[in-house]
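Summary of structural features
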Amino acid sequence: MATVGSKVKNAAISAAINQALKYLEKDPEQNVPKLMDLVDKLVPEDWYAPQRAAIRDAIDRKTNYYDMIMKIYQLDPGVRESFFRNFITNASLKGSARQFEVADKYNCNVPWAILMDPTSACNLKCTGCWAAEYGHQLNLTYEDLDRIVNEANDLGCYMFIFTGGEPLVRKKDIIKLCEAHPDSEFLSFTNGTLIDEEFCQDMLRVRNFVPAISLEGFEEANDGRRGNGVYNKVMNAMSLLKEHKLAFGISVCYTSKNVDDVSSDKFIDGIVDKGALFVWFFHFMPVGMNATPELMVSPEQRVQMYHAVRHFRATKPIFAMDFQNDGQYVGGCIAGGRKYLHINAGGAVEPCVFIHYSNVNIHDVSLLDALRSPIFQAYHDNQPFNDNMYRPCPMLENPTALPKLVKETGAVNTDYMDPESADHLCAKTEQYAKNWAPVAEKLWAEDVARKEAKKAAEANR
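This paragraph deals with the sheet that holds strand β8 (residues 340-343). If you trace the nine strands from one edge of the open sheet to the other, you get β7-β6-β5-β4-β3-β2-β1-β8-β9, paired in mixed fashion. Here the strands that pair on one side only, and so sit at the sheet edges, are β7 (319-322) and β9 (349-350). Of the pairings in the sheet, the one linking strand β2 (residues 159-162) to strand β3 (residues 185-190) comprises four bridges and is parallel in character. For phenylalanine 160, the partnering residue across the bridge sits in β3 and is phenylalanine 186.

Structure follows, in structure tokens:
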């Protein structure tokens, strides 16, 4: 619940951040080490103390996070200023206060980010990609997209992520939307093959668009899934973005076939050298009637990714996150509007980009009404789906949960071409969940023990 105190707190933090950013702009290399001293003067001692301590430590020791901050100051100044204002101030501070207020008033989830498919069209056909099965017939109109953004802003949401299909098939409308909403931040998952000089100039003009380029490993692994020549096109796109001082990141779907590539230092060092600021890892999900369950990683491979991502965070100047293995940082499943929701190209409002079941269509209801629909309320009432945060998903690690939610809420499958029942989908993950459970319990027990040891050490100081 957002109290008057929390609103005042967010306003004060926002003002402090804005003042600190102006200070940094004068001379980043000289002033970054002084950053936390300035913040300490601007806010009460107990506000966000753990986070401030972690940032201070990274700066003082000039760790990989210090290097990452300096990389941000190599970006185009307008792009950097827009990112800080929209992502930190609007989406994460100003927006969160409003989200809590609406969530409390209506007893529903209100998302931090909205994922939406401008189109079902794609210029590639990647193995194992659910989007590739959807065809090329469906699109959200520009008016649809604009209305969604306006309604989301009213709820406190300023972060929008395009999925698909290939969103950049609609690049002109996307740029038009960015121009119309300069106080929101827009990110797009993209195969990268449509990023060219003209689009880089568009990005520099609007300042609030960031691509997350899909990359599945080195050339052989990537092109084996995405098609010959795609790897080189992606490398070219990354070079263009770096040359124009534009922010971008990498999106990686890890599978049983590419896990060795994408968990390697060589892979991460390569994308860091290309200029990527973040890398997001996604576990392969066997969604769709023709999905290949064999592409799901083994428990041993998932643990391999778990350790690799933590190694990257400790040593590389890039922000790395694994959405399946980092559940403890976000409280488990973030779908169902808890942190995000998905609107497909036909307008169906879905709890997750991988969970294609819905009660409503955005063409018929408001965004708030969609959040109060039965399947979304079921998510709201049942999250987390497991007390072990390494088992967050109602499909992948808790395969009895999703069919129950779908049945109880009367949600229907929203796949464009080949509807799949929740029972059929989750039957593909039953053995995976059984194999993963003991490994996850061991990891979670180790986490709990570490936290308790840290508490005890702090108490004895």
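Let's pick the thread back up.
All right, on to the packing of helix α11 (residues 230-243) against helix α13 (residues 265-274) then. For the pair α11 and α13, interaxial distance at closest approach is 9 Å and the crossing angle is 40°. If you check the angle between α11 and α13, you find them oblique. For the pair formed by α11 and α13, the contact residues are Met235, Met238, Ser239 and Lys242 on the first element and Ile271, Asp273 and Lys274 on the second. Of the residues contributing to the contact of α11 with α13, the split by class is three nonpolar, one polar and three charged.

The next point concerns helix α7 (residues 142-155). Between its terminal C-alpha atoms α7 stretches 20 Å, which fits the 20 Å expected from 14 residues at 1.5 Å a residue. For α7, the complete set of buried residues consists of Tyr142, Asp144, Leu145, Ile148, Val149, Ala152, Asn153 and Leu155. Taken down its axis, α7 places every buried residue within 165° of arc, on the same side. Residues of α7 that are exposed and angled more than 90 degrees away from the buried face: Glu143 and Asp154. Glycine 156 lies just past α7 and shows a positive phi near 95°.

Okay, the state of the cysteines next. Applying the stated criterion across every chain yields a total of zero disulfides. Cysteine cysteine 200 remains unbridged, with the sulfur of cysteine 178 as its closest cysteine sulfur at 14 Å. Cysteine cysteine 352 shares no disulfide, and the gap to the nearest cysteine sulfur, in cysteine 393, comes to 6.4 Å. A residue is classified by how much of its surface remains accessible, and cysteine 352, at 10% relative accessible area, is buried.

Overall, the coordinates contain 17 salt bridges when judged by the stated rule. A salt bridge links glutamate 101 to arginine 98; the nearest nitrogen and oxygen atoms lie 2.4 Å apart. Of this pair, glutamate 101 and arginine 98 both sit in helix α6 (residues 77-106), three residues apart, roughly one helical turn. Residue class for glutamate 101 comes out partly exposed when judged on its relative accessible area of 27%. On the basis of relative accessibility, which here comes to 35%, the residue arginine 98 falls in the partly exposed class. Residues arginine 302 and glutamate 397 are paired through a salt bridge, measuring 2.9 Å at the closest nitrogen-oxygen approach. Here glutamate 397 lies in the loop between α17 (374-382) and α18 (401-409) and arginine 302 lies in helix α14 (residues 299-315), a separation of 95 residues in the sequence. Among the residues examined, glutamate 397 registers a relative accessible area of 2% and is labelled buried. Members of the salt-bridge network, linked through shared partners, are Glu179, Asp202 and Arg205.

So, on to the packing of aromatic side chains. Applying the stated criterion to the full structure yields 17 aromatic pairs. Here phenylalanine 162 and phenylalanine 186 contribute two aromatic rings whose centre-to-centre distance is 6.0 Å and whose plane-to-plane angle is 10°, an arrangement assigned as stacked. Taken together, the positions of phenylalanine 162 in strand β2 and phenylalanine 186 in strand β3 put the pair 24 residues apart, joining distant regions of the chain. Look at phenylalanine 186 and you get buried, because its relative accessible area is 0%. Three or more aromatic residues joined by ring pairs form one cluster here, namely Tyr73, Phe83, Phe84, Phe87 and Trp112. Above the plane of the ring of phenylalanine 218 lies lysine 266, whose end atom (NZ or CZ) is 5.2 Å from the centre. Cation over ring: arginine 310 sits above tyrosine 306, and NZ or CZ is 3.7 Å from the ring centre.

Calculation criteria
- Residues numbered from 1 in each chain as written.
- Predicted model: local features only at pLDDT ≥ 70, side-chain atom pairs only at ≥ 80, totals over all residues.
- Heavy atoms only, no water.
- Pairing = 2+ DSSP bridges.
- Helix = DSSP H or I, 4+ residues; strand = E, 2+ residues; numbered from the N terminus.
- Axes fitted to C-alpha atoms, helices over the stretch in contact; angles between N-to-C directions.
- Parallel < 35°, antiparallel > 145°, perpendicular 65-115°, else oblique.
- Contact = heavy atoms within 4.5 Å.
- Nonpolar A, V, L, I, M, F, W, Y, C, P; charged D, E, K, R; others polar.
- Expected span 1.5 Å × (residues − 1).
- Buried < 20%, exposed > 50% of the residue type's maximum accessible area, 1.4 Å probe, protein only.
- Arc of directions from axis to C-beta.
- Disulfide = S-S within 2.5 Å.
- Salt bridge = Lys/Arg side-chain N within 4 Å of Asp/Glu carboxyl O.
- Phe/Tyr/Trp six-rings, centres within 6.5 Å; stacked < 30°, edge-to-face > 60°.
- Lys NZ or Arg CZ within 6 Å of the ring centre and 35° of its normal.

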